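Given next are the chains, with one letter for each unit.
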Amino acid sequence: MRKLEAGTRLVVASHNPGKIREINDLIRPYGMSAVSAGELNISEPEETETTFAGNARLKALHSAKASGLPALSDDSGLEVEALGGAPGVYSARWAGPAKDFNYAMQRVESELQEKFARDPESRRANFTATLCLAWPDGEAEVFEGKVFGHLVWPPRGEKGFGYDPMFLADGETLTFGEMEAEAKHAISHRARAFALFVAACLDRSDG
Ligand code: IMP
């Protein structure tokens, strides 16, 4: 596997401020600096694939080719068991053009109510994050992490982003919206995918 050297400048192939912030937190201890696709005026490609991995690849390759730098993308979302895995790759789109996640969470809740999903067991869900590291020459590698739990209502906490306020990870008492960033990073889907990326692509003595 091709390694990233310490000091490498990476493009974070995302326009989502929540993800950019979390990826920056994760790479900082490895001596890497990151610039976001938005800061380089790189457009956001349309997510035309039907899997997290497909969309992660598409976004990372787009930014790597446009910038000439290695690019790290994240395609992620919430999968709700009772909804057959929805919203899944459409998690961002459920928030509509205004990116209103109160609206998206309400839609998830309404669909769960239609299925009479009231107890934690029938409200099982997971967050999945798929990271892709792509190089300007077209090489790309994908890493996936998941965290399992169930959905609560009403949503709780203002600290995270997206669907965080309604997600309670197994064994926790605070939702992702109520947790401090470090506590979320200790168990999150993104941190798990990131650990696989670190093991494969970084010289661990950098950390
Ligand atoms: P995409 O990967 O750009 O298609 O967007 C994924 C969407 O999934 C985000 O806009 C969030 O709504 C949701 N999502 C992904 N990761 C998280 C997370 O860590 N917390 C809350 N919501 C998330």
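Details of the structure are given in the entry above.
Attention here is on the structure that accompanies the text. Just so you know, these numbers come straight off a predicted model, no measurement behind them.

So, on to the packing of helix H1 (residues 17-27) against helix H5 (residues 189-201). Put simply, H1 and H5 touch, their axes get as near as 11 Å, and they point 45 degrees apart. With respect to H5, the axis of H1 lies oblique. Of the two possible hands of crossing, H1 and H5 adopt the one that is right-handed. Taken together, the residues of H5 that come into contact with H1 (itself represented by Lys19, Glu22, Ile23, Leu26 and Ile27) are Arg190, Ala191 and Phe194. Looking at the contact of H1 with H5 residue by residue, the class counts come to five nonpolar, no polar and three charged.

Before going further, it helps to examine the pairing of strand E2 (residues 33-36). Strand direction decides the pairing type here: strand E1 (residues 9-12) and E2, joined by four bridges, are parallel. Following the sheet pairing, Arg9 is matched in E2 by Ser33.

The ligand sits among 19 residues. The nearest are Lys19, Ser76, Phe101, Asp164 and Lys184. Within the side chain of Asp75, a nitrogen or oxygen atom sits 3.1 Å from an oxygen atom of the ligand. Interatomic distance of 2.8 Å between a side-chain N/O atom of Lys184 and an oxygen atom of the ligand. Protein chains shield 95% of the accessible area of the ligand, which is 490 Å² for the free molecule. Elements supplying a minimum of two residues to the shell around the ligand: strand E3 (71-80) and H5. Among the elements that make up the shell around the ligand, the one with the highest residue count is E3 (four residues). Of the residues contributing to the shell around the ligand, the split by class is five nonpolar, six polar and eight charged.

This brings us to the nonpolar core. In globular proteins that are soluble, nonpolar side chains generally tend to be buried together. Core analysis: the largest hydrophobic core is formed by 23 residues, its most contacted members being Leu4, Leu10, Met32, Leu72, Leu133, Phe194 and Phe197. Sorting the residues of this core by element identifies E1, H1, strand E4 (124-134) and H5 as the ones contributing at least two each. For this core, the leading source of residues is H5, giving seven residues. Ranked by size, the runner-up nonpolar core spans 21 residues in total, among them Leu78, Leu112, Val147 and Ile187.

Our next topic: the sheet that holds strand E6 (residues 167-169). Pairing is mixed across the open sheet formed by six strands, whose spatial order is E2-E1-E3-E4-E5-E6. The strands lining the two open edges of the sheet, one partner per strand, are E2 and E6. The mean inter-strand angle of the sheet, taken between neighbouring strand axes irrespective of direction, is 35 degrees. Here three bridges tie strand E5 (residues 140-151) to E6, and the two strands are oriented antiparallel to one another. Each bridged residue has a counterpart across the sheet, and for Leu151 the counterpart in E6 is Phe167.

Calculation criteria
Residues numbered from 1 in each chain as written. Predicted model: local features only at pLDDT ≥ 70, side-chain atom pairs only at ≥ 80, totals over all residues. Heavy atoms only, no water. Axes fitted to C-alpha atoms, helices over the stretch in contact; angles between N-to-C directions. Helix = DSSP H or I, 4+ residues; strand = E, 2+ residues; numbered from the N terminus. Parallel < 35°, antiparallel > 145°, perpendicular 65-115°, else oblique. Left-handed = near helix turned anticlockwise from the far one by under 90°. Contact = heavy atoms within 4.5 Å. Nonpolar A, V, L, I, M, F, W, Y, C, P; charged D, E, K, R; others polar. Pairing = 2+ DSSP bridges. Near = heavy atom within 4 Å. Polar contact = N/O pair within 3.5 Å; in protein donor to acceptor, adjacent residues only side chain to side chain. Areas by Shrake-Rupley, 256 points an atom, 1.4 Å probe, with all protein chains shown as cover. Core = buried A, V, L, I, M, F, W, Y, C linked by side-chain atoms within 4.5 Å. Buried < 20%, exposed > 50% of the residue type's maximum accessible area, 1.4 Å probe, protein only.

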